[in-house]
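# An overview of the molecular structure
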Amino acid sequence: MERKITLLILMVALLFCMTKVLCADSSVHIQDQFTHFEVVKGPNRRLLAFVDCGTRCNVRCSVHSRPNVCMRACGTCCLRCKCVPPGTYGNREMCGRCYTDMITRGNKPKCP
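Treat the numbers as computed from the prediction; the structure is a model and nothing was measured. The numbers attached to residues start from 1 for each chain and follow its sequence in the written order. Only residues with pLDDT of at least 70 get local features here, since the model is predicted, and only at 80 or more are side-chain atom pairs given and counted; chain-wide, interface and lining totals rely on the full set of residues. With hydrogens and water excluded, all non-hydrogen atoms of the structure serve as input to the side-chain values.

## Some words on the state of the cysteines
Counted only if it meets this: When two cysteine sulfur atoms lie within 2.5 Å, the pair is treated as a disulfide. Only DSSP runs of H or I covering at least 4 residues are called helices, and only runs of E covering at least 2 are called strands; the numbering of each starts at the N terminus.
The tally for this structure, following the rule as stated, stands at six disulfides. Disulfide pairing places cysteine 53 opposite cysteine 78 at an S-S distance of 2.0 Å. On the S-S bond that ties cysteine 53 to cysteine 78, the torsion sits near -80°, and the link is left-handed. A residue pair is termed long-range when its members are at least 10 positions apart, and cysteine 53 in helix α2 (residues 53–60) and cysteine 78 in helix α3 (residues 67–81) qualify at 25 residues.

## Describing the layout of surface pockets
To keep things clear, this is the line we draw: Only protein atoms enter the 1 Å grid, on which a cavity is a set of points fitting a 1.4 Å probe that cannot get out and a pocket is an open set with protein on both sides within 12 Å along at least 5 of 7 lines, lining residues being those with an atom within 4 Å of a point. Grid points are joined across faces, edges and corners, and a volume is the space filled by probe spheres set on the points.
Each pocket or cavity is described by its volume, and for the largest pocket that value is around 480 Å³. Taken together, 19 residues make up the lining of the largest pocket; nearest its centre are His64, Cys70, Lys110, Cys111 and Pro112.

## Observations regarding the side chain of arginine 60
What counts is decided by this rule: Each residue is placed in one exposure class: buried if its accessible area under a 1.4 Å probe, protein chains only, is under 20% of its type's maximum, exposed if it is over 50%, and partly exposed if it falls in between. Lys and Arg are tallied as positive, Asp and Glu as negative. Neither His nor the chain termini are counted. Think of a salt bridge as a Lys or Arg side-chain nitrogen and an Asp or Glu carboxyl oxygen that are within 4 Å of each other. Here a polar contact is taken to be a pair of N or O atoms separated by no more than 3.5 Å, where protein atoms must pair a possible hydrogen donor with a possible acceptor and residues adjacent in sequence count only if both atoms sit in side chains. The criterion used for residue contact is that any of the two residues' heavy atoms lie within 4.5 Å.
As for its placement among the helices and strands, arginine 60 is situated in helix α2. This buried residue, arginine 60, is left without a salt bridge; glutamate 93 holds the nearest opposite charge, at 8.0 Å. There is a polar contact of 2.7 Å between the side chain of arginine 60 and the backbone oxygen of glycine 90. Here proline 112 takes part through its backbone oxygen, which lies 3.1 Å from a polar atom of the side chain of arginine 60. Setting aside residues no more than four positions away along its own chain, arginine 60 makes contact with Cys74, Val84, Pro85, Pro86, Gly87, Thr88, Tyr89, Gly90, Arg92, Tyr99 and Pro112.

Spelled out as structure tokens, the structure:
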């Protein structure tokens, strides 16, 4: 009787391990398919469009009077909001409330 229980426990453990390996393998293939998307893990799983923050912030801050400050703020906003408005000035509303409502400690708009 004790042998049967031990064998049953081993079988269940083996099945559990096999399902973990199979699930891990399939998730790798799924993530490989999303080249322009980022998978957010956690309870609110969703796909976010991949944004090349460096390139877009370089364009956005190219004519700014303080390019280093602009790049730092733009990078922060891009990482949080996954968006950088087109052009070098204005169009902030195109990125939505995340981008327009972010403020500095001095209650000034953070995102360029």
